[in-house]
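Single-letter residue listing:
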There are 2 protein chains.
Amino acid sequence: MEFSYISHLHCPKCQKEYGFVEIQQLCACGSPLLVDYDLPKLKKNWTLASLVGRSNDLWRYHELLPVIDPKNIVTLGEGMTPLLRMDRMGLSMGIDHLWMKDEGIIPTGSFKARGAAVGVSKAKELAVRELAMPTNGNAGAAWSLYAARAGIKASIVMPVGAPVITRNECAISGANLNLVNGLISDAGKIVAQAVKEHDLFDASTLKEPYRIEGKKTMGLEIIEQLNWTVPDVILYPTGGGVGLIGIYKALKELIELGWIEEKLPRLVAVQAEGCAPIVKAWEAGKAESQFWEDSKTAAFGINVPKALGDFLVLKDIYESGGCAIAIDDASLLEEQKKIARLEGAFVCPEGAATFSAARRLRESGWIKAGETVIALNTGSGIKYPETVRVEVAVLEPGERMTRG
Amino acid sequence: MEFSYISHLHCPKCQKEYGFVEIQQLCACGSPLLVDYDLPKLKKNWTLASLVGRSNDLWRYHELLPVIDPKNIVTLGEGMTPLLRMDRMGLSMGIDHLWMKDEGIIPTGSFKARGAAVGVSKAKELAVRELAMPTNGNAGAAWSLYAARAGIKASIVMPVGAPVITRNECAISGANLNLVNGLISDAGKIVAQAVKEHDLFDASTLKEPYRIEGKKTMGLEIIEQLNWTVPDVILYPTGGGVGLIGIYKALKELIELGWIEEKLPRLVAVQAEGCAPIVKAWEAGKAESQFWEDSKTAAFGINVPKALGDFLVLKDIYESGGCAIAIDDASLLEEQKKIARLEGAFVCPEGAATFSAARRLRESGWIKAGETVIALNTGSGIKYPETVRVEVAVLEPGERMTRG
C-alpha cells in the first residue's frame, strides 16, 4: 500500500502529460493541469474497511491525494465537516431530503482551508519557499495560515472590498498582504507580474494543480456521509468553480474505484445576478464564459468575472445534466436569515444563495419531489458581519429586559 | 443498552438529590446541580468497541449525556474538534509534547456550542418554550442559534463590550437581544429579574445542570484523541469555569468506568490579570472567590468577576494538584500573534492566554521536561477582529506588489 496513488498530471485541453516530482503550474497550452491516480491498482488494494479508525479529516482519503510522504502534511484538522439535515428549510421549499454540507466548521471558517491544506502540503513536499496569490479573501486567509504552519512565505493580493476579517487572518499569520482598489482580476494581474519578476510559486486558482485535490474531498465526504450513496442534486456557489470541478472529479474516481454506482448527481452552479458569467454561458450552451463587466454582489466569494476553469465547470454541468442559476442579492440575504431562524445555522451569503437556488429549482419542477438535495455552504456567516443589521437598545444596569 | 445512563441530579454542596424528568435549576440551597449516571451498569454494557462507527461529534458519548430520547437531539455537528500538535510553539517554550484542543472548529466558532447543544437538547426534551440568559457573547450566540434550531424562544442580555459579531449571531437567529452598559454580572441581574417576572427557563451558567455535560465532552474527546491516555497538564481559560469543571467530571467518570488509569491531569485555570478572582482565591488557599471589582481584559470571555461555580473550580484545581495563573493582556496578545506565525492557527485571546500560561509554568519548572501538555483554545480568532491591527497600502490596478 502506497500512501498516495498519484501517477501523473495531465492537461484536459491538449492531453499533454506531466510529472509530479517537480513544480508544475499551467500546461504549456495555458490550461490548468489535473492530477491522475493509479485507480486500477488502488481498486485492488483498498476497501471500505480501510477507512475504519482513520483520522477524521480529509487526510483519511490520502490514497486519493497527491502528498507522497505523510511527514509533509500540513494540517489544522480540516475536513469531515458536518452534513446536516435541513428539515425545516426543506419543508419551506417542498424538498423532502435537504441537507447542508457545512464548510463553516473548518479551520479559517471557509472551505478554502481544504485547497490550502493540500496545496500547501504539496508545495512543502516540492520545497517551495515562497508563494503568491490573488484572492477574494478567504483563500488568501487560508493559504496564509497554512503557509505559516509550513514555514513558507506567502504574498497575498486582495480587493479592498473583500471581507475585512480575511485581512486580519493574513496579517496575523505574517503574510505579505497587499490590497488593490479593484477586483480579483486586478489582483491576479498584480500577482502574475510579481511571479514573473521574482520567480515565485504561483498559487492562483488552478494555476497549481493541487488545490483542486483538496476541494475534491468535499465530494468524497458527502458520499461517505450518505453511506456511499449518491445524492440527486448538489448545489454549489460558483466563483472560480474549483470545488465544483473537484466534487465532480471525486465522483468519477469513486465510480472508477467501484465504490458507488454509475450515477452522477446533477451539479448546479449557483452565481449572483451581479456576476453570472457561467450562467450566461450555460444558458447560451457555450463551452466557455466571457468576462463579466462591472461585477458586484454581497456574496463576495463568487464575485469572479472570469474563471480560468470555466470550461471545466461548464463541461461538468453539461455532463451531469445539471444547470446554472443566478440569484439576486436581496433574495440570498433574505434566505440567509431564514436559515438562521429555522435551522440555527449562520451561513455565509454564498452558501445562502444555494438555498435560494434550491427553492427556485423546486418551484420550477427542475428538482423533483422525493429527491435528495445537497446545498453546499462554503463558509461561516461570522466572517460576514456586515450582512446582518443589529439595532437594539442599550440598557443601564438595573433596567428591565425587553421581551422582544 | 439505554441511550442515556442518567440516574439523577445531586447538589455538590448539601448532597440533596433531584430527578431529571422535570425542569431543575439551582438546588434549594443555592448551589448548582450536577448530573449523575449509572456508571456501574454502563461499565458492564459498554466497551471501547461501542464507539466504532459512531457519529463524529459529541453525541458519540450519548450514554454519558443527559438526553434520553435521540429524537430530542438538536445538533449542528458540534464536537470532535481537532487536537493539534503544536511542535514549533512547544519548541519555543521547551515543552516537548504540546497540543492544542481547537474549539474554534465548531458551530458558532466557540466551545460554547457544546453547552448549548446539550443544554438546548435537554431543554427541548423537558418541553421548555422560552429561555433567558446573560452572556459575554459567545454563549449567547450559541444558545440563540441552537434554540432557533429547536424552535425555542431565547432572550439574551450581553454587555455592550462583548464581541460585536456575537450580536449578529443572536440577531440573525431571531433571538430577543438586549445589551447592557455594564458587565456580565449586570446582565445576570437583569436576566434574574426577567426570569422571576415572566417564569422563563433560566439558562444562566450553572443555573441549569446540563450545559456542563456538553462541556464535559471536551475531556472525553481529549482522552479518546490521545488514545485513552491521560495528559499531564490541561490549561483552561477560566471565566465561569464550566469547561474546567466539566473536563474534571469527565475524567472521573472515565476512571470509574475503568477506561483510563487512575491518574488525573493537573488542571490549570488561566485568567487575565484584569480579572483574576480564581487566581487570587487559589493563591490564598481559599475555597471560594470574591467579586473582582472593575474587571477589564481583552480576553472578553474570561471577564467574569465572580463565577457561581468558583468553589467547584477551586476544588478541582486543588484535587488535581493544579494551579491558577493570571496573564496580562499585552502578553496574551503577543502570544496570539506567535501562534499564528508559528502554527498557522488564529486563536481567540482567551485561548492565547493558555499558551502564555504554559510558557510561564515551564519557565518556573512547574511544567516539567517531557510532560504532555494540552492548551485549550476556546474559540476562533475570527470572532475577535479588533485584536489584530492591519496597516497596508492600497494599490491601484496595474501597480506593483510590495515584497513585504
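Residues numbered from 1 in each chain as written. Chains lettered and ligands numbered in written order. Predicted model: local features only at pLDDT ≥ 70, side-chain atom pairs only at ≥ 80, totals over all residues. Heavy atoms only, no water.

1. Here we look at the pairing of strand 6 (residues 130–134) of chain B
All names here are of chain B.
Reasoning step 1: Within strand 6, five of the five residues are buried, which leaves the element mostly enclosed by the surrounding structure.
Reasoning step 2: By the alternation rule, side chains of strand 6 split into Glu130, Ala132 and Pro134 and Leu131 and Met133, which are all buried.
Reasoning step 3: Bridge count for strand 6 against strand 7 (residues 153–159) is five bridges, and the pairing is parallel. Following the sheet pairing, leucine 131 is matched in strand 7 by alanine 154.
Reasoning step 4: Pairing of strand 6 with strand 9 (residues 201–202) involves two bridges; the strand directions are parallel. Within the sheet, the bridge partner assigned to alanine 132 lies in strand 9 and is aspartate 202. (Buried < 20%, exposed > 50% of the residue type's maximum accessible area, 1.4 Å probe, protein only. Helix = DSSP H or I, 4+ residues; strand = E, 2+ residues; numbered from the N terminus. Pairing = 2+ DSSP bridges.)

2. What about the relation of the copies chain A and chain B?
Reasoning step 1: Each copy of the sequence occupies a distinct position, and chain A is placed on chain B by a rotation of 180° and an axial shift of 0.0 Å, giving an RMSD of 0.0 Å. Here the two chains are linked by the operation of a two-fold rotation axis. Relative to the rotation axis, the C-alpha of isoleucine 105 of chain A is the closest in chain A, positioned 2.7 Å from it.
Reasoning step 2: A shared binding surface is used by both copies, with 100% of the interface residues of chain A retained as interface residues in chain B. (Least-squares fit on C-alpha atoms with pLDDT ≥ 70 in both. Contact = heavy atoms within 4.5 Å.)

3. Here's the deal with unusual backbone geometry
Residues and elements named next belong to chain B.
Reasoning step 1: Notably, alanine 127 is not glycine yet its phi reads approximately 65°, a positive angle.
Reasoning step 2: Checked against the element boundaries, alanine 127 lands in the loop between helix 3 (112–125) and strand 6.
Reasoning step 3: Phi angles above zero are rare outside glycine, and leucine 206 is one such case at about 70°.
Reasoning step 4: Its place among the elements puts leucine 206 in the loop between strand 9 and helix 7 (211–225).
Reasoning step 5: For leucine 206, a relative accessible area of 3% translates into the label buried.

4. Some points on the UniProt feature "domain: Tryptophan synthase beta chain-like PALP" (unreviewed entry) in chain A
Reasoning step 1: Following the UniProt record, the feature "domain: Tryptophan synthase beta chain-like PALP" (unreviewed entry) maps to residues 74–379 of chain A here.
Reasoning step 2: With 44% helix and 17% strand, the stretch residues 74–379 of chain A has end C-alpha atoms that lie 21 Å from each other. (UniProt positions renumbered as here; feature names shortened; annotations may be inferred.)

5. Details of the nonpolar core
Side chains of nonpolar character tend, in soluble globular proteins, to be buried together.
Reasoning step 1: The biggest cluster of nonpolar side chains holds 65 residues, and the ones touching the most others in it are Leu235 and Phe355 of chain A.
Reasoning step 2: The residues touching phenylalanine 355 of chain A, leaving out its near neighbours within four places in the chain, are Met86, Met89, Met93, Leu98, Met100, Glu335, Ile339 and Ala375 of chain A.
Reasoning step 3: Among the nonpolar cores identified, the runner-up in size contains 64 residues, and Leu58 and Leu65 of chain A together with Ala299 and Ile327 of chain B belong to it. (Core = buried A, V, L, I, M, F, W, Y, C linked by side-chain atoms within 4.5 Å.)

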